[in-house]
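Observations on the three-dimensional arrangement
Each chain, written out:
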Amino acid sequence: MSKVTMKLDALTCPSCMTKIEGALSKKDGVENVKVLFNASKIKADFDDSQVTAESLADTVTDLGYTVKSSKVKAL
């Protein structure tokens, strides 16, 4: 398992959190998705044998948000 933290350009409304959390939670191998609205960050645990951090960032980008940076840490 690994943990990814993504810094977003900006979140404009609380419904953005729900949209992002829902999309990432549906990905195979993703657990514990948390969107921090005020910090414009996403934290998620993921099984790197099933999904990559880049794929998760692409999912967020496909939703219309800009990922400014991403850090991955092995658990």
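Details of the structure are given in the entry above.
Description of the structure in this document. (Residues numbered from 1 in each chain as written. Predicted model: local features only at pLDDT ≥ 70, side-chain atom pairs only at ≥ 80, totals over all residues. Heavy atoms only, no water.)

Within the protein chain one finds two helices and four strands. Listing each helix as α and each strand as β along the protein chain from the N terminus yields β-α-β-β-α-β. What you see for the protein chain is a C-alpha radius of gyration of 11 Å, in line with the 11 Å of a compact globule of 75 residues. Here the protein chain holds 75 residues, and the buried ones make up 33% of them. Between the mean site of the 11 positive side-chain charges and the mean site of the 10 negative ones, the protein chain shows a separation of 10 Å. (Helix = DSSP H or I, 4+ residues; strand = E, 2+ residues; numbered from the N terminus. Rg over C-alpha atoms; globule rule 2.2 N^0.38 Å. Buried < 20%, exposed > 50% of the residue type's maximum accessible area, 1.4 Å probe, protein only. Lys, Arg positive; Asp, Glu negative; His and termini not counted. Charge placed at Lys NZ, Arg CZ, Asp CG, Glu CD.)

Note on placement: aspartate 45 falls in strand β3 (residues 41-46). With sequence-adjacent residues up to four places away left out, aspartate 45 is seen in contact with Met1, Ser2, Lys3, Gly29, Val30, Glu31, Asn32 and Leu75. (Contact = heavy atoms within 4.5 Å.)

Among the surface-exposed residues, Lys7, Lys41, Lys43, Lys68, Lys71 and Lys73 lie close enough to one another that they form a single positively charged patch. Listed by contribution, the elements that provide at least two residues to the positive patch are β3 and β4 (67-74). No other element matches β4, which puts three residues into the positive patch. Within the element layout of this structure, lysine 41 appears in strand β3. (Patch = residues over 30% accessible without salt bridge, like charges linked within 9 Å, V, L, I, M, F, W, Y side chains within 5 Å. Areas by Shrake-Rupley, 256 points an atom, 1.4 Å probe, with all protein chains shown as cover. Salt bridge = Lys/Arg side-chain N within 4 Å of Asp/Glu carboxyl O.)

Quick look at helix α2 (residues 53-62) now. Where α2 is concerned, the buried positions are Ala53, Leu56, Ala57, Thr59 and Val60. All buried residues of α2 lie within an arc of 155° about the axis, which places them on one face of the element. In α2, the exposed positions that point more than 90 degrees away from the buried face belong to Glu54 and Asp62. Of the residues flanking the end of α2, it is glycine 64, one or two places downstream, whose phi is positive at about 105°. (Arc of directions from axis to C-beta.)

Any functional reading would require information that these geometric values do not contain.
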